[in-house]
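Next come the chains, spelled out residue by residue.
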Amino acid sequence: MNRRRFLIAACACALHLAAMGTALAGPAVRPALRRGSGPLGVAPSPSDASGASGTGPSPSPASGQPASGPKNSGPPQDDDLVAQQTDHSGDLDAPPGIDNAVRDYLFKMRRFDSPHPSDITLPPQRIPVLHAATDRLGRLERTVGHGFFYLLGFDEAVRVAQRYPTVGAFSPQELALIDELFHADASAYGFMGMKPLNSLTATIPSREVYKVPGMGNYVYQGEPRATWETIRRLLGEDVVLTSGVRGIMKQFHLFLTKASTNGGNLSLASRSLAPPGYSFHGIGDFDVGQRGYGARNFTSAFTTTPVFRRLEELGYITLRYPQDNMLGVRFEPWHIKVATA
Ligand SMILES: [Zn+2]
């Protein structure tokens, strides 16, 4: 199967936004979605519905309020939220006169791991299902092994879970959540990138990937493998492949774990992890790091390492997610862009 045939642009149609509001997030999110997306496509949560701080997206005409209405007419906000929204006007190197919504967006992205008033969160009644699905994926990964789990497709995951009592079959509610999350338009909760994988049941044939010796993970054959091998030849033992091919289930496990440990906050999760289907690790990109640098390889501190400086000199740093990108993703200097989509 040619994985590139799945390449499509992310769809931001109203149908998907409506489906997202009703099926995934439930009634709690629907009023926000009915009000329309903000200038950056981020649908604010009800806690931000007033736009009272003046930093959030302006209400759309569909809310019944004029878009240029008074800035401080809403109900009082939680003190923490007010502090979050008011102490950052001088934080960014933004040009004078920059739109408040853009400034607010950049502030949110620099603090990608903190909740924000405009974040979209799963409704409380779905949190136990989120936890159950996340835990089951963890047991599945331990059962099949980390290497194999990188390549595991949805259908096989369901079969293996059913077969092994240590994993246990996915419940209908868990499968419904997985299905809805995969088919939801992630721009409804702030992720604005493309969706290179459009099929939940896409598989990764083993002949299309190459297991990198000593790294525990894979790169795609062809240009990704050639890119990695060139980088390795030029930089030597200093450079490590920290993350290569990630199939749908691996991306689900990462994304759901992040959402699960943050109260079901889909927006927060998507600021540091592409939602399942939206990751370019599914079609060719990979992450690199400095040997011995551990988890710091996934922080902006990576830019201070010899590996990063060398990659920059060699012209490999064409970032998929540069600093202050408008795709709703944090700065990712360790991510090597190979896929051309
Ligand atoms: Zn990456």
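- Looking at an unreviewed UniProt entry, the protein chain carries the name M15 family metallopeptidase, with the source organism given as Nitratidesulfovibrio liaohensis.

## Examining the overall build of the protein chain
- Looking only at helices and strands, one finds 12 helices and five strands in the protein chain.
- Split into buried and exposed, the 341 residues of the protein chain put 42% on the buried side.
- Considering only residue pairs separated by 6 or more positions, the protein chain has 72% of its internal contacts joining residues 24 or more positions apart.

## A few points about the packing of helix 5 (residues 127-144) against helix 7 (residues 154-163)
- Look at helix 5 against helix 7: their axes get within 11 Å of each other, and the N-to-C directions meet at 85°. Classified by the angle between their axes, helix 5 and helix 7 sit roughly perpendicular to one another. Every residue of helix 7 that contacts helix 5 at Arg-136, Leu-140 and Val-144 is listed here: Ala-157, Val-160 and Ala-161.
- By residue class, the composition of the contact of helix 5 with helix 7 is five nonpolar, no polar and one charged.

## Examining the pairing of strand 4 (residues 286-290)
- Burial runs high along strand 4: five of the five residues are buried.
- When strand 3 (residues 239-243) meets strand 4, the two strands line up antiparallel, connected through four bridges. Each residue of the ladder has a partner; that of Leu-241, found in strand 4, is Val-288.
- Here strand 4 pairs with strand 5 (residues 335-336) via two bridges, running antiparallel. Pairing of Asp-287 across the sheet is with His-335, part of strand 5.

## Regarding the nonpolar core
- Membership of the largest hydrophobic core comes to 60 residues, with the highest contact counts inside it found for Val-245, Met-249 and Val-288.
- Here the element with the most residues in this core is helix 10 (residues 248-260); it accounts for seven residues.
- The residues touching Val-288, leaving out its near neighbours within four places in the chain, are Ile-231, Val-239, Val-240, Leu-241, Thr-242, Val-307, Trp-334 and Ile-336.

## A word on the confidence of the model for the protein chain
- For the protein chain, the mean per-residue pLDDT works out to 75, and 69% of the residues sit at or above 70.
- A low-confidence stretch, residues 1-92 stays under pLDDT 50, and its non-local contacts, those more than four residues away or across chains, total 131 contacts.

## Things to note about the sheet that holds strand 3
- If you walk across this open sheet you meet the three strands as 3-4-5, and the pairing is antiparallel. The open sheet has two edge strands with one neighbour each: strand 3 and strand 5.

## Some remarks on the environment of Val-245
- Checked against the element boundaries, Val-245 lands in the loop between strand 3 and helix 10.
- Val-245 sits in the buried class, given 24 other C-beta atoms within 10 Å.
- Considering only alpha carbons, one finds Val-245 and Ile-204, 41 residues apart in sequence, at a separation of 9.2 Å.
- Non-local contacts of Val-245, meaning those with residues more than four positions away in its chain, are made with Tyr-150, Leu-151, Ile-204, Val-209, Asn-217, Tyr-218, Val-219, Tyr-220 and His-281.

## Section: the packing of helix 5 against helix 8 (residues 172-183)
- Following both chains from N to C, one finds helix 5 and helix 8 inclined at 90°, their axes separated by 9 Å at the closest point. Classified by the angle their axes make, helix 5 and helix 8 are roughly perpendicular. Here helix 5 contributes Val-129, Leu-130, Ala-132, Ala-133 and Arg-136 to the contact with helix 8, which in turn contributes Gln-173, Glu-174, Leu-177 and Ile-178.
- Counted by class, the contact of helix 5 with helix 8 contains six nonpolar, one polar and two charged residues.

## Brief notes about helix 9 (residues 223-235)
- Here helix 9 contains 13 residues, and its C-alpha end-to-end distance of 18 Å stays within 8% of the 18 Å for a straight helix at 1.5 Å per residue.
- Among the residues of helix 9, those classed as buried are Pro-224, Trp-228 and Ile-231. The buried side chains of helix 9 occupy one side of the element, clustering within an arc of 65° when seen end-on. Exposed residues on helix 9 whose side chains face more than 90 degrees from its buried face are Ala-226, Thr-230 and Arg-233.

## Thoughts on the environment of Thr-257
- The residue Thr-257 is located in helix 10 in this model.
- Note: C-alpha distance between Thr-257 and Ala-133 (124 residues apart in sequence) is 9.3 Å.

## What about helix 8?
- Under the 1.5 Å per step criterion, the end-to-end length of helix 8 is 16 Å for 12 residues, consistent within 8% with the ideal 16 Å.
- Residues of helix 8 that are buried: Glu-174, Leu-177, Ile-178, Leu-181 and Phe-182. All buried residues of helix 8 fall inside an arc of 125° around its axis, so they share one side.

## Details of the environment of Arg-271
- The topology assignment puts Arg-271 in helix 11 (residues 266-272).
- Arg-271 sits in the buried class, given 23 other C-beta atoms within 10 Å.
- When the C-alpha atoms of Arg-271 and Phe-191 are compared, they prove to be 7.1 Å apart, with 80 residues separating the residues in sequence.
- With sequence-adjacent residues up to four places away left out, Arg-271 is seen in contact with Met-109, Phe-112, Gly-328, Val-329 and Arg-330.

Definitions and limits used
Residues numbered from 1 in each chain as written. Predicted model: local features only at pLDDT ≥ 70, side-chain atom pairs only at ≥ 80, totals over all residues. Helix = DSSP H or I, 4+ residues; strand = E, 2+ residues; numbered from the N terminus. Buried ≥ 20, exposed ≤ 12 C-beta atoms within 10 Å, placed from the backbone. Contact = placed C-beta atoms within 7 Å. Axes fitted to C-alpha atoms, helices over the stretch in contact; angles between N-to-C directions. Parallel < 35°, antiparallel > 145°, perpendicular 65-115°, else oblique. Nonpolar A, V, L, I, M, F, W, Y, C, P; charged D, E, K, R; others polar. Pairing = 2+ DSSP bridges. Core = buried A, V, L, I, M, F, W, Y, C linked by C-beta atoms within 7 Å. pLDDT = per-residue confidence, 0-100. Expected span 1.5 Å × (residues − 1). Arc of directions from axis to C-beta.

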